Amino acid sequence: MKLGIVFEGGASRVYFSCGIMEGLEREKIMADVVVGASAGIANGVSYVTRQSRRNYVIATRFANDPRYMGLRHWLNPDNRCYYNLSFVFEEIPCRRLPFNFRAFQKWPGQVFAAVTNVQTGKAEYLPVPRDGRSFKVLQASCALPILFPPITINGTAYMDGGIVNSIPVQPALDAGCDKIIVVLTQPRGYQKEDSRSMHVIAKKYAAHPAFAEALRNRARTYNQDLARIEELEKEGRVFVMAPPYPLGIKRTENDPQVLSNLYHLGLSTFDAQLGALRHYLEA
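What comes next concerns the included structure. Counting of residues starts from 1 at the beginning of each chain's written sequence and follows it residue by residue. Restriction of local features to residues with pLDDT of at least 70 applies here, the model being predicted, together with a cutoff of 80 or more for giving and counting side-chain atom pairs; totals for whole chains, interfaces and linings are based on all residues. Note: side-chain values were computed over all heavy atoms of the structure, leaving out hydrogens and water.

## Remarks on the environment of Leu144
Argument step 1. The way it works is that DSSP assigns letters per residue, a run of H or I at least four long becomes a helix, a run of E at least two long becomes a strand, and they are numbered from the N terminus. For Leu144, the position within the fold is in the loop between α7 (136–142) and β5 (151–153).
Argument step 2. Expressed as a C-alpha distance, the spacing of Leu144 and Lys203, which sit 59 residues apart in the sequence, is 15 Å.

## A word on the packing of helix α3 (residues 53–62) against helix α5 (residues 85–96)
Argument step 1. For helices, the fitted line uses only the C-alpha atoms of the stretch in contact; every axis is such a line through C-alpha atoms, and the angle between N-to-C directions lies from 0 to 180 degrees. Two elements in contact, α3 and α5, have axes separated by 13 Å at closest approach and are oriented at 115 degrees. With respect to α5, the axis of α3 lies roughly perpendicular. Crossing handedness for the pair α3 and α5: right-handed. Across the interface between the two elements, Arg54, Ile58 and Phe62 of α3 pack against Phe87, Ile92, Pro93 and Arg96 of α5.
Argument step 2. The classification used treats Ala, Val, Leu, Ile, Met, Phe, Trp, Tyr, Cys and Pro as nonpolar, Asp, Glu, Lys and Arg as charged, and all other residues, Gly among them, as polar. Among the residues making up the contact of α3 with α5, the classes are represented as five nonpolar, no polar and two charged. Throughout this description, any angle smaller than 35 degrees is read as roughly parallel, any larger than 145 degrees as roughly antiparallel, any in the 65 to 115 degree range as roughly perpendicular, and the remainder as oblique. Whether a crossing is left-handed or right-handed is set by the direction in which the near helix is turned from the far one by less than a right angle, anticlockwise for left-handed and clockwise for right-handed. Pairs of residues are marked as contacts when any of their non-hydrogen atoms sit within 4.5 Å.

## Some words on the pairing of strand β1 (residues 3–7)
Argument step 1. When accessible area is computed with a 1.4 Å probe and restricted to protein chains, residues below 20% of their type maximum are described as buried, those above 50% as exposed, and intermediate ones as partly exposed. Among the five residues in β1, five count as buried, and that is most of the element.
Argument step 2. Of the two faces of β1, the one carrying Leu3, Ile5 and Phe7 and the one carrying Gly4 and Val6 are both buried.
Argument step 3. Strands pair, by our definition, only if DSSP identifies at least two bridges between them. The pairing of β1 with strand β7 (residues 179–183) spans five bridges and is classified as parallel. Across the sheet, the residue bridging to Phe7 is Val183, located in β7.
Argument step 4. Alignment of β1 against strand β2 (residues 33–37), held across four bridges, turns out to be parallel. From the neighbouring strand, Gly4 faces β2, where its bridge partner is Val33.
Argument step 5. Note on handedness: a clockwise path from strand one over the helix to strand two, with the strands aimed away from the viewer, defines a right-handed crossover. In the classification by handedness, the crossover that spans β1, the intervening helix α1 (residues 14–26) and the parallel β2 is right-handed.

## Examining the packing of α3 against helix α12 (residues 256–282)
Argument step 1. α12 packs onto α3 with a crossing angle of 155 degrees between their chain directions and a minimal axis gap of 8 Å. By the criterion of interaxial angle, the relationship of α3 to α12 is roughly antiparallel. Along the contact surface, α3 presents Arg53, Tyr56, Ala59 and Thr60, while α12 presents Pro256, Leu259, Ser260, Tyr263 and His264.

Below is the structure:
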């Protein structure tokens, strides 16, 4: 059996998914193909290296550190991002809470990050490189409009993969996965409503009309993604794990207790569904 796992994005909501990751690792359920958007894949790489608990430590020790995020980082001309990119993607994984780069390099599976091409406004699924420590592809997948600058990779500007495809199941299907676990950060039945603020943000990217159009269509494409996941679930092709209720937090939530609660909600949700998950995997 070839197993895939897909992690939805959602910024701080993804700490719910991190609890799911710990449960999967604890039960030795390790996928062959890991795909995610935005914070889903940025945290998902620690699941790949069997370091899921790193995500909890980041949430409770570093997320509220002034060096992690804040307006002053966005105003810094050398950063221009609400998150301190060098602290988040270099200092933490290389020095303060080491990421196992060797295990990541040796892992035999595939890891993809969803990104949005700023020029075309289309989703792309980039392999996460194993031979470097810059995490540039992860930065691109996390690059929320306004809060991040576009991230350039090989001459192409990218932004948050969740703009076009928050639940990137297609790479797992294309890779020939027989079973796919999909981890959502919104409860079942959720539907994204069209947002006036997204239309305002789209105007900021008028120089890239295809990208601006993708921003304006954000709610519609997200709801289409959900509908597709529901169909795949009915067909028995995916197993869905989702929060039992709306998480009700802001995108940049950094309260350690709130994030800890999210993490443990994910872990308890995993435990509640473990029997059904095993049945799905063994069927």
